[in-house]
Amino acid sequence: MSNLPVTTHPGSTNAPATLPEPQSLTPERLRAWAWHRQGLDGSLAGRTAEQVFARAGWARSVGGANPYLTLFARAGIRREQVDADVVAHRILELPAARGCTYVLGRDDFAWALQLGRDAADSAFRVVGRLGVDRGEITLLEEQVIHTLAEAEGPMDPRQLKDELGDSVRNLGEEGKKKGATTTLPTALGILQSDGRIRRVPANGRLDQQRYAYEPWGLPPSGLDDGDARTELIRRYLGWTGGATFKQSQWFTAFTVAQTKAALAAVGAVEVPTAQSTGGREAQAAAGGDALWMLPDDVGRLAAFEEPAGEQIQLLAGTDSLFLLRRNAADLLAEEDRDKPALESLALQADLPDHPILDRGRIIGLWQYEPAKERIVPWLFHGATPAVTQRIAEVEAWIREDLGDFRAFSLDSPASRQKRIDALAASAAASAAETAAAAATGSAGGGASG
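Residues numbered from 1 in each chain as written. Predicted model: local features only at pLDDT ≥ 70, side-chain atom pairs only at ≥ 80, totals over all residues. Heavy atoms only, no water.

Visitor: Could you clarify how one ought to interpret the sheet that holds strand β9 (residues 354-358) in this entry?
Guide: The strands making up a sheet are joined through hydrogen bonds of the backbone, oriented either antiparallel or parallel. Strand order in the open sheet made by the four strands is β8-β9-β10-β11, with antiparallel pairing throughout. With one partner strand each, in any of the chains shown, β8 (312-314) and β11 (374-379) form the two edges of the open sheet. Neighbouring strand axes in the sheet, compared pairwise and without regard to direction, differ in orientation by 25 degrees on average. For strand β10 (residues 361-369) and β11, the ladder comprises six bridges, and the chain directions are antiparallel. In the strand pairing of β11, Y368 is matched with I375. (Pairing = 2+ DSSP bridges. Helix = DSSP H or I, 4+ residues; strand = E, 2+ residues; numbered from the N terminus. Axes fitted to C-alpha atoms, helices over the stretch in contact; angles between N-to-C directions.)

Visitor: Any chance you could explain the pairing of strand β4 (residues 197-201) here in plain terms?
Guide: Regular strands show a simple pattern: their side chains alternate between the two faces of the sheet. Of all the five residues making up β4, five are buried; the element is thus mostly covered by neighbouring parts of the structure. Residues I197, R199 and P201 point to one face of β4 and R198 and V200 to the other, with burial holding for every one of them. Two elements, β4 and strand β5 (residues 211-215), share five bridges in a ladder whose sense is antiparallel. Its bridge partner being in β5, V200 is matched across the sheet by A212. (Buried < 20%, exposed > 50% of the residue type's maximum accessible area, 1.4 Å probe, protein only.)

Visitor: Honestly, the packing of aromatic side chains in this entry has me stumped. Any pointers?
Guide: Any aromatic ring pair is given by two values, namely how distant the centres are and how the planes are angled relative to each other. According to the stated counting rule, one finds twelve aromatic pairs in the structure shown. A ring pair is formed by Y102 and F251, whose centres lie 5.9 Å apart and whose planes are at 65 degrees; its orientation type is edge-to-face. Placement of Y102 in strand β3 (residues 101-105) and of F251 in helix α12 (residues 245-252) is noted, with a sequence separation of 149 residues between them. Measuring from ring centre to ring centre gives 6.5 Å for W250 and F251, while their planes differ by 50 degrees; the resulting arrangement is tilted. For W250, a relative accessible area of 27% puts it in the partly exposed group. (Phe/Tyr/Trp six-rings, centres within 6.5 Å; stacked < 30°, edge-to-face > 60°.)

Encoded structure:
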């Protein structure tokens with residue numbers, strides 16, 4: 001247990017919430033709670049993209065379709081509306097926590113960029129070790145701003161490099177080894193983190209990684225770095241409904257001291273669970289210790305009732321439900337972890353395929369096969385009518401809105417064919433096992449009769 005105080009936010013006049021009984025916070029209950037906090041239970045239906053990101057968290061973008069499915073699964077938003085929101089700057093893809101790119105709403109632009117500045121500074125330190133001084137990068141930044149201001153529209157990196165000529169220094173073989181072939185990406189990264197330029201999807205779509213740049217001039221957040229860290233922890237705990245100390249550190253990239261300070265600033269409460277009080281083996285299986293939660297969420301969790309009926313969703317492997325805490329193994333039922341094809345998955349932080357879920361529990365995996373315009377699913381225990389219906393709905397949406405479902409920028413039908421074949425083989429094996437079990441049961445029933 002941490003030595004942080006169990007308290008409410010300093011501004012609250014309410015007494016600290018009564019903690020739920022640890023034994024009531026089972027893996028099943030916590031899966032359903034996270035599902036609810038993520039708005040995957042239908043509670044975000046009809047909301048805007050900004051509202052979804054505010055409630056469920058920023059959508060990780062690595063040139064894949066996750067941002068689109070994030071919004072479609074929670075609010076039924078189609079790609080045309082998402083792309084229009086990007087054009088109107090209601091949502092944008094920006095470097096934020098850990099310097100990683102996320103799609104987020106406009107209320108978060110300035111302070112989220114502030115959180116990503118350390119990554120931009122790290123990029124400068126790399127070129128600095130190659131003999132590039134700060135003055136050279138500053139001059140290049142000014143030239144980039146001037147060039148973009150004079151341009152008739154957004155310019156991609158190749159166009160900028162051609163226009164800037166010798167102002168962009170080639171860093172040779174040594175730079176290539178360190179991932180910095182020229183000085184231009186460093187300047188662009190710093191300008192982005194400062195809100196002076198922004199990246200524009202080359203074809204208006206978020207599920208690719210070809211970009212151009214245009215001037216922006218975003219006003220600063222008005223927060224100091226400590227306040228920005230506090231705001232991220234507040235949002236993060238709200239998005240997840242609670243996370244372990246280590247999970248919080250992974251997402252934010254804060255130091256131990258920064259994490260403790262931010263948790264204390266939001267009055268976070270340390271809540272023991274059935275797993276965190278079950279000894280070292282149970283804690284190891286849970287992937288961490290007790291959960292840190294916002295004070296108001298403690299009471300909400302105590303009163304939370306798990307939904308009785310099916311709630312089926314197909315999500316991307318990088319959906320916030322998994323990525324925020326990197327705890328995909330916790331979303332598998334105990335009996336499913338023993339399946340030969342899932343043994344490695346239970347040990348992984350990230351999913352190799354996209355998941356099919358029911359109320360927070362992973363009940364299957366899927367990939368999209370564009371040549372046949374179909375989803376290839378593997379259901380661990382067979383498909384119910386609700387599962388079949390949702391697969392058909394998402395399949396039609398991919399076909400009509402996206403054409404394909406890329407997990408990341410280098411994903412392609414050819415590169416994922418091995419995974420598609422593996423899912424089809426697992427599905428066939430599961431069907432054979434089910435048929436054999438049914439035949440055995442039928443024979444046994446006939447003999448006893």
